Each structure stands twice: as C-alpha cells, then as structure tokens.
Amino acid sequence: MTYVVTENCIKCKYTDCVEVCPVDCFYEGENMLVINPDECIDCGVCVPECPAQAIIADTERAATAQWLDLNRKYSELWPNITGRKAPLPDADAQNGRPGKAAELSPLPGDAELAEVAGK
C-alpha cells in the first residue's frame, strides 16, 4: 500500500502534507503535488494534514489506479519539495470543485519562484 495525491489537489496545491512527511516523498508540479509511491513509507501522517482531502491510500478506491500511475510518472519528472509553501492563489475557491483532472499541468513547479508560507 502507498498513498497517492488525487484530483482535488489540482489548482489548490496546499503543502501542509509536505511539512509533515518524514521521508520527503512529495514532488511539485505547476498546479499539483504528487507522492513517489516507491518512497512513501505508508505512514499516513499526510492524510489528515491535507485541507483538500486529496490524499488517499491506493487501496481506497478502484479509480485510484489512474492516480497511482500519475503520481509515479510525475514524481520522476518534477522536483522534490520538502517544505511548506503558500497554496495557489485561488486554492480555497478551487477546493472541492469537480472535474479538475483535465486541468492538470504537466509542467514542474518552480521552487525558486514559489512564495513561502508565513513570509
């Protein structure tokens, strides 16, 4: 079992989960985070920290297979993120909006341009 980031993270990108991850298995895209399933130690500490409730166990739903594949693919392409950053500007309005999968950007996140939460 591993944990995966799902559709509701798209266009939100809260990083509360990143801050508590003991193994730094999160990777940052332009408008979403993913978990490297081979690095995840299945501890689950990230799950209750996600304000968007976008992290689930890969055994939780049948549709999780597509998200597991997506997490695996982009964790190999995007940069590792190890600290908390501000969410995307419209995150609260995007949280819970259905149909965001088509809006996933394949572009990596830019750690140097990201605003650090709490600044």
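Source: prediction; values computed, not measured. Per chain, residues are indexed from 1 in the order of the written sequence. Predicted model: local features are reported for residues with pLDDT of at least 70 only, side-chain atom pairs are reported and counted for 80 or more only, and whole-chain, interface and lining totals are derived from all residues. Note that the side-chain values use all heavy atoms of the structure and ignore hydrogens as well as water.

Q: So what's going on with the overall build of the protein? Which residues, and what values?
A: For the protein, the count of helices and strands is three helices and four strands. Only DSSP runs of H or I reaching four residues or more are called helices, and only runs of E reaching two or more are called strands; each is numbered from the N terminus. Across the protein, helices and strands are ordered from the amino to the carboxyl terminus as β-α-β-β-β-α-α. Radius of gyration here uses only the C-alpha atoms, and the compact-globule reference equals 2.2 Å multiplied by the residue count raised to the power 0.38. Taking 14 Å as the expected radius of gyration for a compact globule of 119 residues, we find that the protein reaches 13 Å, a close match to that expectation. Overall size of the protein, expressed as C-alpha extent along the three principal axes, is 35 × 30 × 25 Å. Three exposure classes are used, based on accessible area relative to the maximum for each residue type with a 1.4 Å probe and protein chains only: buried under 20%, partly exposed in between, and exposed over 50%. When the 119 residues of the protein are sorted by exposure, 45% land in the buried category. Residues are treated as being in contact if the distance between any of their heavy atoms lies within 4.5 Å. Residue pairs at least 24 apart in sequence account for 78% of intrachain contacts in the protein once pairs closer than 6 positions are excluded.

Q: A description of the confidence of the model for the protein should follow, citing residues and the corresponding values.
A: With 92% of its residues at a pLDDT of 70 or more, the protein shows a mean pLDDT of 91. For every residue, the predictor reports its confidence as pLDDT, a number between 0 and 100. In the predicted structure, residues 113-119 sits below a pLDDT of 50 and forms nine contacts with residues beyond four places in sequence or in another chain.

Q: Quick one: what's the story with the pattern of salt bridges, residue by residue and with numbers?
A: Basic side-chain nitrogens of Lys or Arg form a salt bridge, by our definition, when they fall within 4 Å of a carboxyl oxygen of Asp or Glu. By the definition in use, this model includes seven salt bridges. Measuring nitrogen to oxygen at the nearest pair gives 2.9 Å for the salt bridge that ties Lys-11 to Glu-103. Of this pair, Lys-11 sits in the loop between β1 (3-5) and α1 (16-20) while Glu-103 is found in the segment after α3 (91-94), placing the two residues 92 residues apart along the sequence. Using a relative accessible area of 30% as the deciding quantity, one classes Lys-11 as partly exposed. Residue class for Glu-103 comes out partly exposed when judged on its relative accessible area of 27%. Between Glu-28 and Lys-13 there is a salt bridge whose closest N-O contact spans 2.9 Å. Linking Glu-28 in strand β2 (residues 26-28) with Lys-13 in the loop between β1 and α1, this pair joins segments that are 15 residues apart in sequence. Taking the relative accessible area as the measure of exposure, Lys-13 reaches 8% and is therefore buried. One continuous salt-bridge network, built from bridges that share partners, spans Lys-11, Arg-97 and Glu-103.

Q: Quick one: what's the story with the nonpolar core, residue by residue and with numbers?
A: The biggest cluster of nonpolar side chains holds 33 residues, and the ones touching the most others in it are Phe-26, Met-32, Ile-35 and Ile-55. The set of elements that each furnish at least two residues to this core consists of β1, α1, β2, β3 (33-35), β4 (55-57) and α2 (64-75). Per-element tally for this core: the top contributor is α2, with four residues. Apart from the residues lying within four places of it in its own chain, the contact partners of Met-32 are Val-5, Thr-6, Cys-9, Ile-10, Lys-13, Tyr-27, Trp-67, Leu-70, Trp-78 and Leu-104. What is meant by a nonpolar core is a set of buried Ala, Val, Leu, Ile, Met, Phe, Trp, Tyr and Cys residues, joined one to another through side-chain atoms within 4.5 Å.

Q: Summarise the packing of aromatic side chains; cite the residues concerned and give the values.
A: Classification of ring pairs uses Phe, Tyr and Trp, with its six-membered ring standing for Trp, and accepts pairs whose centres are within 6.5 Å; under 30 degrees between planes counts as stacked, over 60 as edge-to-face, and the remaining range as tilted. In the structure shown here, the tally under the stated rule is one aromatic pair. Judged by centre distance (4.5 Å) and plane angle (25 degrees), the ring pair of Tyr-74 and Trp-78 falls under stacked. In this structure, Tyr-74 and Trp-78 share a single accessibility class: buried.

Q: Quick one: what's the story with unusual backbone geometry, residue by residue and with numbers?
A: You will see that Lys-13, though not glycine, has its phi angle at about 55 degrees, which is positive. Although it is not a glycine, Gln-53 sits at a positive phi angle of roughly 50 degrees. Mapped onto the secondary structure, Gln-53 falls in the loop between β3 and β4.

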